[in-house]
Amino acid sequence: MLNGPSILIIDDDTTFSAVLGRSLSRRGCQIETAEEPESAIQKARSMQPQYVVLDLKLGDYSGLTLVEPLKEALPQQSRILVLTGYASIPTAVEAIKLGAFNYLPKPTDADTVLATLEGKATTEPDKPPQRPMSLRRLEWEQIQRVLNEHDGNISAAARALGIHRRTLQRKLSKRPVKH
């Protein structure tokens, strides 16, 4: 019965990966999961999946640091989809630059993930915002961009932003603000 695509889900949230994995399995996909960078690379090499669903934040690691090693370990036609609960424009751009196929914000469902991986996702053109981004959202976007430029190093990012490290940590611990 399992004749669908093979998918490796790399996420430190075991509940999310289990739910997504079960949903994709019901759609005929062959699923493997990994929670840590080392085991993810090993499973990618041994499994050779068609698709990888990669969480942006893996505990203390940035999932973006895995994109290039995964691209080296996978067949050339494999696609990497980055998922995150902390979506921002700079991280989406960086993910694509590093070689990810696409980028989706969490929460998302199995149908959206599968359609995106297979290149069948329909996207409507973005409508211009009704109002400009809030100052808090602009601050969040800037923090994410600078943090990304410093490879996730909070101390270096705090110095570049001209704020104390603890202040930056406090800002990062809060949920991202809406537009």
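Shown above is the structure to which this text applies.
These numbers come from a predicted model, not from an experiment. (Residues numbered from 1 in each chain as written. Predicted model: local features only at pLDDT ≥ 70, side-chain atom pairs only at ≥ 80, totals over all residues. Heavy atoms only, no water.)

**Q** Tell me about helix α2 (residues 37-47), residues and numbers included.
**A** Of the residues making up α2, those classed as buried are P37, A40, I41 and A44. Viewed along the axis of α2, the buried residues span an arc of 95°, placing them on a single side of the element. Away from its buried face by more than 90 degrees, α2 exposes Q42 and S46. For α2, the secondary structure elements touched by its buried residues are β1 (6-10), β2 (30-34), β5 (61-62) and α3 (64-73). Positive backbone phi, approximately 50°, marks Q48, located one or two places after α2. (Buried < 20%, exposed > 50% of the residue type's maximum accessible area, 1.4 Å probe, protein only. Helix = DSSP H or I, 4+ residues; strand = E, 2+ residues; numbered from the N terminus. Arc of directions from axis to C-beta. Contact = heavy atoms within 4.5 Å.)

**Q** Can you tell me about the packing of α3 against helix α4 (residues 89-98), naming the residues and giving the values?
**A** Contact pair α3 / α4: the axes reach a minimum separation of 9 Å and the direction vectors enclose 15°. Put simply, α3 runs roughly parallel to α4. With respect to the hand of their crossing, α3 and α4 are arranged in right-handed fashion. Residues L64, V67 and E68 of α3 touch α4, and the partners they reach there are T91, E94, A95 and L98. Its residues assigned to classes, the contact of α3 with α4 comprises 4 nonpolar, 1 polar and 2 charged. (Axes fitted to C-alpha atoms, helices over the stretch in contact; angles between N-to-C directions. Parallel < 35°, antiparallel > 145°, perpendicular 65-115°, else oblique. Left-handed = near helix turned anticlockwise from the far one by under 90°. Nonpolar A, V, L, I, M, F, W, Y, C, P; charged D, E, K, R; others polar.)

**Q** Let's hear about the sheet that holds strand β6 (residues 79-84): which residues, and what values?
**A** Across the sheet, which stays open at both edges, the 5 strands sit in the order β2-β1-β3-β6-β7 with parallel pairing between neighbours. Edge positions in the sheet fall to β2 and β7 (102-105), since each of these pairs with one other strand and no more. Each neighbouring strand pair of the sheet contributes to a mean axis angle of 20°, computed without reference to strand direction. The sheet contacts of α3 involve β1, β3 (51-55) and β6, and relative to β3 the element is tilted by about 165°. (Pairing = 2+ DSSP bridges.)

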